[in-house]
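Per-entry structural report
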Amino acid sequence: MPDAPSDTVLSASPAPVRAGGELFTEERSADVVAASLAGTPDPRLRQVLTSLVHHLHAFVKDVEPTEAEWGVAIDFLTRTGQMCSDVRQEFILLSDVLGVSMLVETINHRTGGTSTESTVLGPFHMVESPERELGDDINLDGKGTPCLVSGHVTGPEGEPLAGAVVDVWQTNEDGFYDVQQPGIQPQGNLRGLFTTDGEGRFWFRSVVPRYYPIPDDGPVGQLLAATGRHPNRPAHLHFIVAAPGYRPVTTHVFVADSPYLDSDAVFGVKDSLVRDVPEVDDPARAAEAGLPNPFRTLTFDLSLLREEQTPPTARPVDVQPTVVKGVPS
Ligand code: BEZ
Ligand code: FE
């Protein structure tokens, strides 16, 4: 065998010359990856990605997934994306059931108790909701228990807000929004846009809201089943209330005796939003309201902050509610 050339190195190679980057190790993984982000020009993007990397690496070190488990996670996220369409947003649903939607919503609408509290928008809001007259009946399919819904919209000093727009939507007695049942429910069933009168009042005829399941026929439903959780939301009526010069509020009113009030699948319940829905047995009032006797009443007053009176804890109103089209059943 010929001798090895004298300048050939047979022992361990010296470290290649590198431009200063630290190599990946288990111990320093997050810092090494974060360093690669240091040149991100947008400072907010750099902050967000750096934090994401640190939290994600801490999570993996905590869980120590097997490669098969990591594959299951990737498959779950892949299927979540594949479930999305222009009428179904499975990633928002995932964010909802993990409480992240409520956390983002709550962080961005801190009002220190100075106005009506907000809660999740949900996927069933329609931008083009029918305009209604005060007193109209939005129960177009005739199902459910008749209910007179009314309230006042006021500003922070209790001043009535005339001309405020009150956008409402709820499920029918079968637990579906109209947009989930095209061709089954009349279009615009149980939704509408009202405008408050000169004293900031609104009222309309509807039905007592009922509880219903969020769409659970996809990966998020499988996650709920795998964790022994139910998919239900307690009975509620959605509101977006807006008036010029005031911060809009996206919220619900919840029915006090509804099932699932303390286990909402999307964590949307706040104590201040729960109301009784008492029965009224009074033929004269029923006739005045245009409802059969007896009927139920749901009263929900809303108070908005003035834009310039934003409390110091609040985030600026920089983003209006995201509108996602309805989800088919
Ligand atoms: C809703 O209340 O309409 C809703 C909210 C979150 C997820 C699904 C539905
Ligand atoms: Fe809802």
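Computed from a predicted model, the values in this text were never measured in an experiment. (Residues numbered from 1 in each chain as written. Chains lettered and ligands numbered in written order. Predicted model: local features only at pLDDT ≥ 70, side-chain atom pairs only at ≥ 80, totals over all residues.)

Along the chain, the regular secondary structure elements total seven helices and 12 strands. The long-range fraction of contacts in the chain, counting pairs at least 24 apart against all pairs at least 6 apart in sequence, stands at 71%. (Helix = DSSP H or I, 4+ residues; strand = E, 2+ residues; numbered from the N terminus. Contact = placed C-beta atoms within 7 Å.)

Quick look at the pairing of strand β2 (residues 165-169) now. Counted residue by residue, β2 has four buried out of five residues, so it is predominantly covered. Here β2 runs beside strand β3 (residues 191-195); their pairing, made up of five bridges, is antiparallel. Across the sheet, residue valine 166 finds its bridge partner in β3, namely phenylalanine 194. In this structure, β2 lies alongside strand β7 (residues 236-242), joined through five bridges in antiparallel fashion. Counted as the bridge partner of tryptophan 169 is histidine 238 from β7. (Buried ≥ 20, exposed ≤ 12 C-beta atoms within 10 Å, placed from the backbone. Pairing = 2+ DSSP bridges.)

What follows concerns the site of ligand 1. In the neighbourhood of ligand 1, the contacting residues comprise Leu93, Asp96, Val120, Gly122, Pro123, Phe124, Ile214, Arg233 and Val266. Among the residues making up the shell around ligand 1, the classes are represented as six nonpolar, one polar and two charged. (Near = placed C-beta within 6 Å. Nonpolar A, V, L, I, M, F, W, Y, C, P; charged D, E, K, R; others polar.)

With an omega of -5°, the peptide bond running from asparagine 293 to proline 294 counts as cis. With phi around 60°, leucine 190 is a residue other than glycine that occupies positive phi space. Here leucine 190 is to be found in the loop between β2 and β3. Here leucine 190 falls in the buried class, since 25 other C-beta atoms lie within 10 Å of it. Located in the positive-phi region is tyrosine 260, a residue other than glycine, with phi close to 75°.

Within the secondary structure layout, proline 160 lies in the loop between β1 (146-154) and β2. Residue classification places proline 160 among the partly exposed residues on the basis of 15 C-beta atoms within 10 Å. Between the C-alpha atom of proline 160 and that of glycine 200, which follows or precedes it by 40 residues, the distance is 4.7 Å. Residues contacting proline 160, with those up to four places away along its chain left out, are His152, Thr154, Glu199 and Gly200.

Right, let's talk about the packing of helix α4 (residues 90-97) against helix α6 (residues 219-226) for a bit. Between α4 and α6, whose axes approach to 9 Å, the crossing angle comes to 25°. The angle between the axes of α4 and α6 places the two elements in the roughly parallel class. Each of Glu90, Leu93, Leu94 and Val97 in α4 lies in contact with α6, whose residues at this interface are Pro219, Val220, Leu223 and Leu224. Taken together, the residues of the contact of α4 with α6 sort by class into seven nonpolar, no polar and one charged. (Axes fitted to C-alpha atoms, helices over the stretch in contact; angles between N-to-C directions. Parallel < 35°, antiparallel > 145°, perpendicular 65-115°, else oblique.)

Once that is clear, we can look at the pairing of strand β11 (residues 295-299). Here four bridges tie β1 to β11, and the two strands are oriented parallel to one another. Each bridged residue has a counterpart across the sheet, and for valine 149 the counterpart in β11 is leucine 298. Direction of pairing for strand β10 (residues 279-280) relative to β11: antiparallel, over a ladder of two bridges. Note that in β11 the partner of glutamate 279 across the bridge is arginine 296.

Our next topic: the nonpolar core. In terms of nonpolar packing, the biggest core is built from 42 residues, with Cys147, Val153, Val166, Phe239, Val241, Leu302 and Leu304 touching the most fellow members. Elements supplying a minimum of two residues to this core: β1, β2, β4 (201-207), β7, β8 (249-255) and β11. Not counting chain neighbours up to four residues away, the residues in contact with valine 241 comprise Val153, Ala164, Val166, Pro248, Val249, Leu302 and Leu304. One finds Met102, Val120, Ile214 and Val266 within the second-largest nonpolar core, a separate group that totals 11 residues. (Core = buried A, V, L, I, M, F, W, Y, C linked by C-beta atoms within 7 Å.)

Reading across from one edge, β3-β2-β7-β8-β9 is the order of the five strands in this open sheet, with mixed pairing throughout. At either end of the open sheet lies a strand with only one pairing partner, and these are β3 and β9 (274-275).

Any link to function would need more than the numbers given here.
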